[in-house]
Amino acid sequence: MNVVVRQGDGPSTPWGEPMCVAAAEAEGGEEIVELPTFTLQDFRTLAVAPAASTVQPAPDTLKGMHTNVYAEAQPQQFATELGGFPVQVRAVPVQYAWDYGDGGTLGPIELSGAPLEEGAWDVETDTSHVYAETGDYAVTLTTWFYGEYSVAGGPWLPVAGLNDVASAPVPISVWRSTVRNYADDCLQNPQGAGC
């Protein structure tokens, strides 16, 4: 059966036997089928993988020190069905937001952050946070994905709205450091304070 499928005022797409004509040019007896719209609700039913959330240093950090956080997310593609039509969907990460667990937040922003260089410590970054109190916290990350879809091989169309996907919380313990000066020479007095 030859069917001309069409999304709104967009171009026609062949369905069944190869055929592609504008709806206005369809001959009598041929059926015109409106393509379904892939909504944000449909987008949220897909198993979009959350971003990997990393905290540096972890699982322990220090009070008053810059603690770095960053996200790693990849574009993803899905094949699904809507109203009997095959649908291809692309999900692209575009925004990130962190809740540091102590009342501090950041975002949503387009920056995903980045890992520190090996051996780096207490480095301020665009996504770092300074904890003012000791304790156990959970750092949570939410990533927003932009979506676009293609129905039955038709043109790629944007999904209206962004899909927010939460990553697993990263536990972190914030400790305090204490610095003391000692006058003992540990070589001469191994039992001295601080030795």
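Here the structure is a predicted model, which is why all the values come from computation and not from measurement.

Under the criterion given, the structure shown has 3 aromatic pairs. Ring centres 5.7 Å apart and planes at 40 degrees place the aromatic pair Phe 38 and Tyr 149 in the tilted group. Of this pair, Phe 38 sits in the loop between strand S3 (31-34) and helix H1 (40-44) while Tyr 149 sits in strand S11 (residues 135-151), placing them 111 residues apart in sequence. Look at Tyr 96 and Trp 98: their rings are 6.3 Å apart centre to centre, the planes differ by 25 degrees, and that puts the pair in the stacked class. We classify Tyr 96 as buried; its relative accessible area is 6%. Given the relative accessible area of 2%, Trp 98 is considered buried. In this arrangement the basic side chain of Arg 90 is found over the ring face of Trp 156, its NZ or CZ atom lying 3.6 Å from the centre.

Once that is clear, we can look at the confidence of the model for the chain. Considering every residue of the chain, the mean pLDDT works out to 87; 81% of them sit at 70 or more. For residues 15-21, every residue scores under 50 in pLDDT, and the model assigns this stretch 22 contacts once sequence neighbours within four places are set aside.

Once that is clear, we can look at the sheet that holds strand S6 (residues 66-72). Across the sheet, which stays open at both edges, the 3 strands sit in the order S4-S6-S10 with antiparallel pairing between neighbours. Only two strands of the sheet have a single partner each, and these edge strands are strand S4 (52-56) and strand S10 (129-130).

Here the focus is the environment of Thr 127. Tracing the backbone through its elements, the reader meets Thr 127 in the loop between strand S9 (105-109) and S10. Thr 127 sits in the buried class, given a relative accessible area of 1%. Separated by 20 residues in sequence, Thr 127 and Gly 107 have C-alpha atoms that sit 9.2 Å apart. Those residues in contact with Thr 127 that sit more than four places away from it in its chain are Asn 68, Val 69, Trp 98, Tyr 100, Leu 106, Ile 109 and Gly 113.

Before going further, it helps to examine the pattern of salt bridges. Under the defined criterion, the tally for this structure stands at 2 salt bridges. In this structure, Glu 148 and Arg 90 form a salt bridge, with 2.8 Å as the shortest nitrogen-oxygen distance. Taken as a pair, Glu 148 in strand S11 and Arg 90 in strand S8 (residues 85-99) lie far apart in primary sequence, 58 residues in all. The class of Glu 148 is buried, set by a relative accessible area of 18%. On the accessibility criterion, Arg 90 (29% relative accessible area) is partly exposed.

About the cut-offs
- Residues numbered from 1 in each chain as written.
- Predicted model: local features only at pLDDT ≥ 70, side-chain atom pairs only at ≥ 80, totals over all residues.
- Heavy atoms only, no water.
- Phe/Tyr/Trp six-rings, centres within 6.5 Å; stacked < 30°, edge-to-face > 60°.
- Helix = DSSP H or I, 4+ residues; strand = E, 2+ residues; numbered from the N terminus.
- Buried < 20%, exposed > 50% of the residue type's maximum accessible area, 1.4 Å probe, protein only.
- Lys NZ or Arg CZ within 6 Å of the ring centre and 35° of its normal.
- pLDDT = per-residue confidence, 0-100.
- Contact = heavy atoms within 4.5 Å.
- Pairing = 2+ DSSP bridges.
- Salt bridge = Lys/Arg side-chain N within 4 Å of Asp/Glu carboxyl O.

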